Amino acid sequence: VASQPTVVGGRIFVGTLRGQVYSLDANTGCLYWTIKNPTGIRTAISVVPFPGTGATKYVAYFGDLSATVHAVDARTGAEVWQTKVETHPIARVTGSPKFHDGRLYVPVTSLEEASGADARYECCTFRGNLVALNATTGKQIWKTYTILEKPKPIWKNKGGVQQYGPAGASIWSSPTLDVEAGKIYVTTGDNYSDPATKTSDAIVAFDMKTGKLLWSEQFLANDAWNVACDSADESNC
């Protein structure tokens, strides 16, 4: 288990890196239900009243290591919907989705900086992003990248493999919602490749309604790094 348990209505909800999701009795540990997801789960599970049901039905939301967000019936575990929020092959959701006013806000990250250790890999093209979904249907409302510039060819390594940038500034943790101000705050990680950007290793604010990137405050500049930098073959560093 790599995620925190959630306790709601006398039940414990928790996911595992093997893809199981459990609903347990908080007093006895007895199992209410379990489901098997195709990929692992690192997010905590957000359990809220299903929009439009007047708290007669509760739904459990979680993201997985294939960058897919799931909604299941909290009472039975039955699927309500699922939505893939990012098509990059190494993308994932590790920060817990946050719910407010009929929307689900999902942070997206990836392990592409690890792929950079392979000198044959064209590093890197993933950009961290924040996605707003309709909590009832799973339909995307908006999606905003932490790096507004699209990756482009920058240089070639000694083996002639094309390298791209800017990339990275992933969102690993759950976003913070400032409901009164109508803003969402996230923290970002490092850049995976050159050039470094001002939105890596930063706190970034988004407009809750539109997804517009409002401002960024950086705490470590010029942090462009991938695993090749600590490997015997530094071709992609």
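Preceding this section is the structure that the text describes.
Each chain has its residues counted from 1, following the order in which its sequence is written. Given that the model is predicted, a residue must reach a pLDDT of at least 70 before its local features are reported, and side-chain atom pairs must reach 80 or more before they are shown or counted; all residues, however, enter totals for whole chains, interfaces and linings. Excluding hydrogens and water, the side-chain figures rest on all heavy atoms present in the structure.

## Details of the side chain of Arg92
- Secondary structure follows DSSP: runs of H or I at least 4 residues long count as helices, runs of E at least 2 residues long count as strands, and numbering of each begins at the N terminus. When you line up the elements, Arg92 lands in strand 9 (residues 91-92).
- Residue burial is assigned from relative accessible area. The probe radius is 1.4 Å, only protein chains are included, and a residue is buried under 20% of its type maximum, exposed over 50%, and partly exposed in between. Charge counting treats Lys and Arg as positive and Asp and Glu as negative, with His and both chain ends excluded. The salt bridge criterion pairs a side-chain nitrogen of Lys or Arg with a carboxyl oxygen of Asp or Glu, the two atoms within 4 Å. Among buried charged residues, Arg92 stands out as having no salt bridge; its nearest opposite-charge side chain is Asp64, 8.6 Å away.

## Section: the state of the cysteines
- Cysteine sulfurs are considered disulfide-paired once they come within 2.5 Å of each other. Enumeration according to the criterion identifies 2 disulfides in this entry.
- The disulfide partner of Cys123 is Cys124, and the S-S distance across this bridge is 1.8 Å. Every disulfide takes its handedness from the sign of the S-S torsion; for Cys123 and Cys124 that torsion is -70°, giving left-handed. Taken individually, Cys123 and Cys124 each receive the classification buried, so the pair is uniform in this respect.
- Across the disulfide, Cys229 is cross-linked to Cys237 (sulfur-sulfur distance 2.1 Å). Torsion about the S-S bond of the Cys229 and Cys237 cystine: about 100°, corresponding to right-handed handedness.
- Given a relative accessible area of 15%, Cys229 falls into the buried group.

## A few points about the pattern of salt bridges
- According to the stated counting rule, one finds 3 salt bridges in the structure shown.
- Among the salt bridges present, the one from Glu86 reaches Lys143, with a minimum N-O distance of 2.8 Å. Remark: Lys143 occurs in strand 13 (residues 140-145) and Glu86 occurs in the loop between strand 8 (79-84) and strand 9; sequence separation between them is 57 residues.
- A salt bridge links Lys152 to Glu149; its shortest N-O distance comes to 3.7 Å.
- Exposure remark for Lys152: the relative accessible area of 43% places this residue in the partly exposed category.
- Given a relative accessible area of 40%, Glu149 falls into the partly exposed group.

## Looking at the sheet that holds strand 20 (residues 202-207)
- One open sheet holds the 4 strands; their spatial order is 17-18-20-21, and the pairing between them is antiparallel. Each having just a single partner strand, strand 17 (176-178) and strand 21 (213-218) make up the two edges of the open sheet. Looking at each pair of strands side by side, their axes are set apart by 20° on average, direction ignored.
- Following DSSP output, two strands are said to pair if at least two bridges run between them. Two strands pair when backbone bridges link them, and strand 18 (residues 183-187) and strand 20 are joined in this way by 5 bridges, in the antiparallel orientation. Following the sheet pairing, Ile184 is matched in strand 20 by Phe206. In this analysis, axes come from line fits to C-alpha atoms, helices being fitted only over the stretch in contact, and the angle between any two N-to-C directions falls in the range 0 to 180 degrees.

## Digging into the pairing of strand 14 (residues 152-156)
- Across 4 bridges, strand 14 lies against strand 15 (residues 162-165) in antiparallel orientation. Residue Trp155 lies in a different strand from strand 15, and its bridge partner there is Gln163.
- With antiparallel pairing between neighbouring strands as the criterion, strand 14 and strand 15 make up a hairpin whose turn holds 5 residues, including Gly160 at a positive phi of roughly 85°.

## Some points on unusual backbone geometry
- For the peptide bond that leads from Cys123 to Cys124, omega is 0°, which places it in the cis range.
- Geometrically, the link from Asp194 to Pro195 is a cis peptide bond, its omega value of 0° lying close to zero.
- When you line up the elements, Pro195 lands in the loop between strand 19 (191-193) and strand 20.
- Its identity as a non-glycine residue notwithstanding, Ala169 has a phi of 50°, on the positive side.
- Tracing the backbone shows Ala169 in the loop between strand 16 (167-168) and strand 17.
- Judged by its relative accessible area of 0%, Ala169 falls in the buried class.
- Of note in the backbone geometry, Asp201 takes a positive phi value of approximately 45° without being a glycine.

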